[in-house]
Amino acid sequence: MLRLGVNIDHVATIRNARGGAHPDPVRAARQAAESGADGITAHLREDRRHITDGDIDRLMAEIDLPLNLEIAATPEMLDIALRHKPHAVCLVPEKREERTTEGGLDIAAGHNHLAPYVRQLDEAGIRVSLFIEADPVQIAVAEAMGASVIELHTGAYCEAALRGDTEAVAGHLELLKIGASEAFRRGLEVHAGHGLTYDTVKPIAAIPELLELNIGHFLIGEAIFRGLREAVTTMRGLIVEAREEAVE
Ligand SMILES: CC(=O)[C@@H](O)[C@H](O)COP(=O)(O)O
Ligand SMILES: NCC(=O)COP(=O)(O)O
């Protein structure tokens, strides 16, 4: 079954716009759980622009679903991850000036820096995921580094879809399919995420080697119009449809 991880970062974005406590990301996580989410993803950024340390404390204490904690590979974030010991940690690239994640982590170039993070997280019993492009070198390095999981960055595919570039959509989708197959062959668990919407999710969900999709910004935006429960159940339904159609 293809799992759905709901990223609640942008509930915190709206909350932080006024510096109060509403809307509460933990309440959103609870509603997502009640609506079919298999996990919660939260990105504790160095600048705390959305998810805060207190949000992570409460998610760990109050939400039964597995938490996939996204962090940059820094000593501060490693300490926080080792203290909480979430179900999974996904190492992601981070630049303070970025509006959102702009691509996959270059684990080939950053091997020597990242390998100790993967080892320490793994030794703490945390499933380690690396957020990378669907690139054969990056996938090979992820295996060599001892990661359990890779999460394929679907941003370029989604951006091509947004600008209506059907040729680029097909090209990026093919790269994602090849990457997922290669990663699976190497014994890695394969996830995908970034920018997915109702219009773009089904071709990705149809990739048979994928075990988890992490989706956030679109769902939180859609929740403004139809409520979070319906936004999540609709996404879950599309994912199920995609898998059923793929086997027909
Ligand atoms: C790694 C990724 O694509 C997202 O999970 C990440 O959380 C995006 O960053 P923002 O949530 O800050 O947009
Ligand atoms: N890792 C991707 C994620 O958690 C959600 O990304 P997005 O749907 O908010 O772009």
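Residues numbered from 1 in each chain as written. Chains lettered and ligands numbered in written order. Predicted model: local features only at pLDDT ≥ 70, side-chain atom pairs only at ≥ 80, totals over all residues. Heavy atoms only, no water.

In the annotation of an unreviewed UniProt entry, the entry for the protein chain reads Pyridoxine 5'-phosphate synthase, and the organism field reads Maricaulis salignorans. Among the UniProt annotations of the protein chain, the heading Pathway (unreviewed entry) holds the following wording: "Cofactor biosynthesis; pyridoxine 5'-phosphate biosynthesis; pyridoxine 5'-phosphate from D-erythrose 4-phosphate: step 5/5." The annotation that UniProt attaches to the protein chain under Sequence similarities (unreviewed entry) is "Belongs to the PNP synthase family." (UniProt positions renumbered as here; feature names shortened; annotations may be inferred.)

Asker: Even after reading the chapter, I still don't get the sheet that holds strand S3 (residues 67-71), so can you show me in this structure?
Answerer: Remark on secondary structure: sheet strands pair via backbone hydrogen bonds, oriented parallel or antiparallel. If you walk around this closed barrel you meet the eight strands as S1-S2-S3-S4-S5-S6-S7-S8, and the pairing is parallel. Neighbouring strand axes in the sheet, compared pairwise and without regard to direction, differ in orientation by 25° on average. Here strand S7 (residues 189-193) pairs with strand S8 (residues 210-215) via four bridges, running parallel. Along S8, the bridge assignment pairs glycine 193 with asparagine 214. (Pairing = 2+ DSSP bridges. Helix = DSSP H or I, 4+ residues; strand = E, 2+ residues; numbered from the N terminus. Axes fitted to C-alpha atoms, helices over the stretch in contact; angles between N-to-C directions.)

Asker: It is not clear to me how the site of ligand 2 should be interpreted in this structure. Could you clarify?
Answerer: The environment of ligand 2 is made up of Asn7, Thr41, Glu70, Phe131, Glu151, Gly193, His194, Gly195, Asn214, Ile215, Gly216 and His217. Residue asparagine 7 places a side-chain N or O atom 2.9 Å away from an oxygen atom belonging to ligand 2. In this structure, an oxygen atom belonging to ligand 2 sits 2.7 Å away from a main-chain N or O atom of glycine 216. In this structure the site holding ligand 2 corresponds to the largest pocket. (Near = heavy atom within 4 Å. Polar contact = N/O pair within 3.5 Å; in protein donor to acceptor, adjacent residues only side chain to side chain. 1 Å grid on protein atoms, 1.4 Å probe; cavity = no way out; pocket = protein on both sides within 12 Å on 5 of 7 lines; lining within 4 Å. Sits in = over half its atoms within 2 Å of the grid points.)

Asker: Explain the UniProt feature "binding site: 3-amino-2-oxopropyl phosphate" (unreviewed entry) in the protein chain to me, please; I cannot follow it from the model alone.
Answerer: In the numbering used here, UniProt assigns the "binding site: 3-amino-2-oxopropyl phosphate" (unreviewed entry) feature to Asn7, Arg18, Gly195, Gly216 and His217. For the annotated residues, spread through 211 residues, the largest C-alpha to C-alpha distance comes to 25.3 Å, inconsistent with a single compact locus. In this structure, the largest pocket is lined, among the annotated residues mentioned, by Asn7, Gly195, Gly216 and His217. For glycine 195, the residues in contact, after removing those within four places along its chain, are Cys158 and Thr200. (Contact = heavy atoms within 4.5 Å.)

Asker: Where do I start with the packing of helix H10 (residues 217-226) against helix H11 (residues 228-247) in this structure?
Answerer: Packed helices, taken two at a time, are described by the angle their axes make and the gap between the axes. Close contact between H10 and H11 brings their axes to 7 Å; oriented N to C, the two are set at 125°. Judged on the interaxial angle alone, H11 and H10 are oblique. Judged by the twist between their axes, the crossing of H10 over H11 is right-handed. Between H10 and H11, the contacting residues are Phe218, Leu219, Ile220, Glu222, Ala223 and Arg226 on the first element and Leu228, Glu230, Ala231, Val232, Thr234 and Met235 on the second. Split by residue class, the contact of H10 with H11 holds eight nonpolar, one polar and three charged. (Parallel < 35°, antiparallel > 145°, perpendicular 65-115°, else oblique. Left-handed = near helix turned anticlockwise from the far one by under 90°. Nonpolar A, V, L, I, M, F, W, Y, C, P; charged D, E, K, R; others polar.)

Asker: Teacher, can you tell me more about the layout of surface pockets here?
Answerer: Where empty space is left becomes clear once a probe the size of a water molecule has been rolled over the atoms. A volume near 780 Å³ is recorded for the largest pocket. Forming the walls of the largest pocket are 32 residues, and the residues nearest its centre are His10, Thr100, His194, Gly195 and His217. Counting residues per element, the ones that place at least two in the lining of the largest pocket are helix H1 (9-16), helix H7 (155-162), S8 and H10. The leading source of residues in the lining of the largest pocket is H7, at five residues. For the second largest pocket, the calculated volume is near 270 Å³. Lining the second largest pocket, in full, are Val11, Ile14, His22, Pro23, Asp24, Arg27, Ala28, Gln31, Ile220, Ala223, Ile224 and Leu228. (Points joined across faces, edges and corners; volume = space filled by probe spheres on them.)

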